[in-house]
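# Observations on chain architecture
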Amino acid sequence: MNINNFPSNDKTGCTGPPQTFKSRTSDDQTLPALFWDGGENWINEDDCADFAALQSLKRETTTPKERAERYKAEGNEALKFMKNKLYVRKAVQFYTLALQEKFDDAALRSILFGNRAQAALILGNYRKAHVDAERCVGLDPANVKGWFRAAKSAIELNDPVKCIKMCTEGLELDPKNKELNTLLADARKTKKTKDMQLQRRQYRESHAKLYIREIVKRGLQFGPPGFATGERFPELSAQNFLSYWVLFLYPEVMHTDVIEDFDERQKFSTQLDLMFGPDVQAPEWDTAGAYKRDRLEIYYITNSAPAYPASVFEQKVLSSNCVGTCAAKDFELTERAKLEMRKVLVDETCSLADILTADGHVICGHPVFYVVALGTKFRERFLKDAWKL
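Presented here is a report on the structure given in the accompanying data block. (Residues numbered from 1 in each chain as written. Predicted model: local features only at pLDDT ≥ 70, side-chain atom pairs only at ≥ 80, totals over all residues. Heavy atoms only, no water.)

Right, let's talk about helix H4 (residues 85–100) for a bit. The first and last C-alpha atoms of H4 sit 23 Å apart over 16 residues, in line with the 22 Å expected at 1.5 Å per residue. Two or three places before Leu86, at the start of H4, stands the capping residue Asn84, its side-chain oxygen 3.0 Å from that residue's backbone nitrogen. (Helix = DSSP H or I, 4+ residues; strand = E, 2+ residues; numbered from the N terminus. Expected span 1.5 Å × (residues − 1). Polar contact = N/O pair within 3.5 Å; in protein donor to acceptor, adjacent residues only side chain to side chain.)

Right, here's the structure in full:
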């Protein structure tokens, strides 16, 4: 390739290599495999349609080093037109042909690897760029450009630690190098951010595992939510006590109360005193005055949904802590028809933990309790299963 032969006004808007290059830029699929910038083996000339023609240049009476120098020059000329990827790929080809020559000049071979690394950076082939840049500085540790290209490709590969190492090596040779200093500062910021993210992730994972141990220790069972209120797992305090989001449902009037932090140690009698004690105003919906403190009964329904397998619950907890994922297709639930569903009266002297760990109690999204009043016709219907939600 001779730069003097380039046309002075290409239709692409820039001066460039011969028209034979231009005719092949419309579709990457029409280019030889060597010139693609995907995952192909771009340094294997066996797939290059032009390789045979270029190989004929070797018949000239020149030494391997002279041919390598000429290929390097051709590659450098092509790389001047870096805005056009076809020319950059051509540069890759020429640098590769040069590297295939057998000559003993470590400095020249280092430059060739460095130049090919630069071309790979332009094409976005960061892994290939990094490999070539490492070969470059391995042959010539004094090649500052090689250290920069190794650092640049490392940060593009999201490896700030390696980038910092490469920048440090380069700055030992050229302490005032602006590009290396800028890249080093960026890499340190990236590393700091990644370190903080890792620490947060490790903390969340540690907390999630502790949480799972506490759930297993209590013998609690969780299942899919049965209401539009969704899935609300209890919160674990620093003292290892659970606090629940609890829904009290009054089926006769279809009203609800929500207790957002029901401590597992608290007794139901205490909670009812807070909601219906003598000093508490009667709810507006209780027009008949039936829901007095001494007339209240609380029920829960056993097996209202199938329980999650232990592995699925663990995945859900890890997912909620941003350290894992759980998809519905990952598990199968027992058919509801095979489970015994029955209403169980809550003993007010029991704590929330006592009731939630009772046999057959599955927490469906969050605890749900049904409140009815003694002496009402609705209570009779409710207990005879004549009422449906």
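Before going further, it helps to examine the pattern of salt bridges. All told, the structure shown has 17 salt bridges when counted by the stated rule. The shortest N-O distance in the salt bridge between Arg135 and Asp132 comes to 3.7 Å. Of this pair, Arg135 and Asp132 both sit in helix H6 (residues 126–139), 3 residues apart, roughly one helical turn. The exposure class assigned to Arg135 is partly exposed, which follows from its relative accessible area of 38%. A salt bridge links Lys191 to Asp195, with the shortest nitrogen-to-oxygen separation between them at 2.8 Å. With a gap of 4 residues between them, Lys191 and Asp195 both fall in helix H9 (residues 178–218), about one helical turn apart. One salt-bridge network, in which partners are shared between bridges, spans Glu214, Lys217, Arg218 and Glu264. (Salt bridge = Lys/Arg side-chain N within 4 Å of Asp/Glu carboxyl O. Buried < 20%, exposed > 50% of the residue type's maximum accessible area, 1.4 Å probe, protein only.)

The next point concerns the nonpolar core. Core analysis: the largest hydrophobic core is formed by 40 residues, its most contacted members being Phe248, Tyr291 and Phe369. Elements represented by at least two residues in this core include exactly H9, strand E3 (242–250), strand E4 (255–263), helix H10 (268–276), strand E5 (296–301), helix H11 (310–320), helix H12 (352–356) and strand E8 (368–373). With 5 residues, the single largest contributor to this core is E3. Other than its neighbours up to four places away in sequence, Phe248 contacts His255, Thr256, Asp257, Ile259, Phe262, Phe268, Gln271, Met275, Ile298, Phe369 and Val371. Counting 19 residues, the second-largest nonpolar core is a separate cluster that includes Ala68, Ala78, Leu97 and Leu108. (Core = buried A, V, L, I, M, F, W, Y, C linked by side-chain atoms within 4.5 Å. Contact = heavy atoms within 4.5 Å.)

Here the focus is the packing of helix H5 (residues 106–123) against H6. The contact between H5 and H6 brings their axes to 8 Å, and the two run at 160 degrees. By the angle class used here, H5 and H6 are roughly antiparallel. Our pair here, H5 against H6, has a crossing hand that is left-handed. Of the residues in H6, those touching H5 at Ala106, Arg109, Ser110, Phe113, Gly114, Arg116, Ala117, Ala120 and Leu121 are Tyr126, Lys128, Ala129, Asp132, Ala133, Arg135, Cys136 and Leu139. Here the residues of the contact of H5 with H6 sort into 10 nonpolar, 2 polar and 5 charged. (Axes fitted to C-alpha atoms, helices over the stretch in contact; angles between N-to-C directions. Parallel < 35°, antiparallel > 145°, perpendicular 65-115°, else oblique. Left-handed = near helix turned anticlockwise from the far one by under 90°. Nonpolar A, V, L, I, M, F, W, Y, C, P; charged D, E, K, R; others polar.)

Before going further, it helps to examine the packing of helix H8 (residues 160–173) against H9. Where H8 contacts H9, the two axes come as close as 9 Å, and the packing angle between them is 155 degrees. Considering their axes alone, H8 and H9 lie roughly antiparallel with respect to each other. Pair H8 / H9 crosses with left-handed handedness. Along its contact with H8, which presents Pro160, Val161, Cys163, Ile164, Cys167, Thr168, Gly170 and Leu171, the element H9 presents Leu180, Asn181, Leu183, Leu184, Ala187, Arg188, Thr190, Lys191 and Lys194. Residue composition of the contact of H8 with H9, by class: 10 nonpolar, 4 polar and 3 charged.

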